[in-house]
Amino acid sequence: MFIAMNRFRVNPERVEEFEQMWLERETHLQGLPGFVEFNMLRGPEEEDHVLYASHTVWRSREDFEAWTHSEAFRAAHANAGQSRREGLYLGPPKFEGFEAIQTISDADQA
């Protein structure tokens, strides 16, 4: 399993705009080989920003990397640099990728 995360530091005055943008966007993820799950997470609020993280689970790093070279990836990120987003973020998103070394689930209890 591979988990791809992007952390976003969002201007507190534009949290509603940020959330609406994510809730309304086309992800182009469903049906892709190796795609398992996507979550957008809201984290702690600081004085100058609210922390968010996009959290995508893939069957493997190879599946994730294949997606980053796909037409679906280009379509999902087509509007990423729109000028109306100026001031929405405190800096660029920070990518973090993780290989799972252990997974424990509720199903393991059965």
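Residues numbered from 1 in each chain as written. Predicted model: local features only at pLDDT ≥ 70, side-chain atom pairs only at ≥ 80, totals over all residues. Heavy atoms only, no water.

J.: Explanation requested: the side chain of asparagine 11 in the structure shown.
T.: With respect to the secondary-structure elements, asparagine 11 resides in the loop between β1 (2-10) and α1 (15-24). At 3.2 Å, the side chain of asparagine 11 and the backbone oxygen of glycine 87 are in polar contact. Excluding residues within four positions of it along the chain, asparagine 11 makes contact with Gly87, Leu88 and Leu90. (Helix = DSSP H or I, 4+ residues; strand = E, 2+ residues; numbered from the N terminus. Polar contact = N/O pair within 3.5 Å; in protein donor to acceptor, adjacent residues only side chain to side chain. Contact = heavy atoms within 4.5 Å.)

J.: When you look at the layout of surface pockets in this model, what are you seeing that I'm missing?
T.: The gaps of empty space that remain are located by a probe, the size of a water molecule, rolled over the atoms. In this model, the second largest pocket occupies a volume close to 170 Å³. Around the second largest pocket, the lining residues are Glu19, Trp22, Leu23, Arg25, Thr27, Phe38, Met40, Leu41, Arg42 and Tyr52. Contributions of two or more residues to the lining of the second largest pocket are made by α1 and β2 (35-45). With four residues, β2 is the largest single contributor of residues to the lining of the second largest pocket. When its residues are assigned to classes, the lining of the second largest pocket shows six nonpolar, one polar and three charged. (1 Å grid on protein atoms, 1.4 Å probe; cavity = no way out; pocket = protein on both sides within 12 Å on 5 of 7 lines; lining within 4 Å. Points joined across faces, edges and corners; volume = space filled by probe spheres on them. Nonpolar A, V, L, I, M, F, W, Y, C, P; charged D, E, K, R; others polar.)

J.: It is not clear to me how the environment of phenylalanine 8 should be interpreted in this structure. Could you clarify?
T.: Within the fold, phenylalanine 8 resides in strand β1. Judged by relative accessible area, which is 6%, phenylalanine 8 ranks as buried. The spacing of phenylalanine 8 and leucine 32 is 24 residues in sequence and 24 Å in space, taken between C-alpha atoms. Here phenylalanine 8 is in contact with Phe18, Trp22, Met40, Val50, Leu51, Tyr52, Ser54, Tyr89 and Pro93, once residues within four sequence places are set aside. (Buried < 20%, exposed > 50% of the residue type's maximum accessible area, 1.4 Å probe, protein only.)

J.: What is the right way to read the packing of aromatic side chains from this model?
T.: What characterises a pair of aromatic rings is the spacing of the ring centres plus the angle enclosed by the ring planes. For the structure on display, the rule yields 13 aromatic pairs. Ring geometry for phenylalanine 8 and phenylalanine 18: centres 5.6 Å apart, planes at 55°, overall tilted. Of this pair, phenylalanine 8 sits in strand β1 while phenylalanine 18 sits in helix α1; the two residues are ten residues apart in sequence, bridging distant segments of the chain. Each member of the pair, phenylalanine 8 as well as phenylalanine 18, carries the same accessibility label: buried. Between phenylalanine 35 and tryptophan 58, the ring centres sit 5.6 Å apart and the planes meet at 70°, which makes this aromatic pair edge-to-face. In this pair, phenylalanine 35 sits in strand β2 while tryptophan 58 sits in strand β3 (residues 50-58), placing the two residues 23 residues apart along the sequence. By relative accessible area, phenylalanine 35 is classed as partly exposed at 22%. A relative accessible area of 0% places tryptophan 58 in the buried class. (Phe/Tyr/Trp six-rings, centres within 6.5 Å; stacked < 30°, edge-to-face > 60°.)

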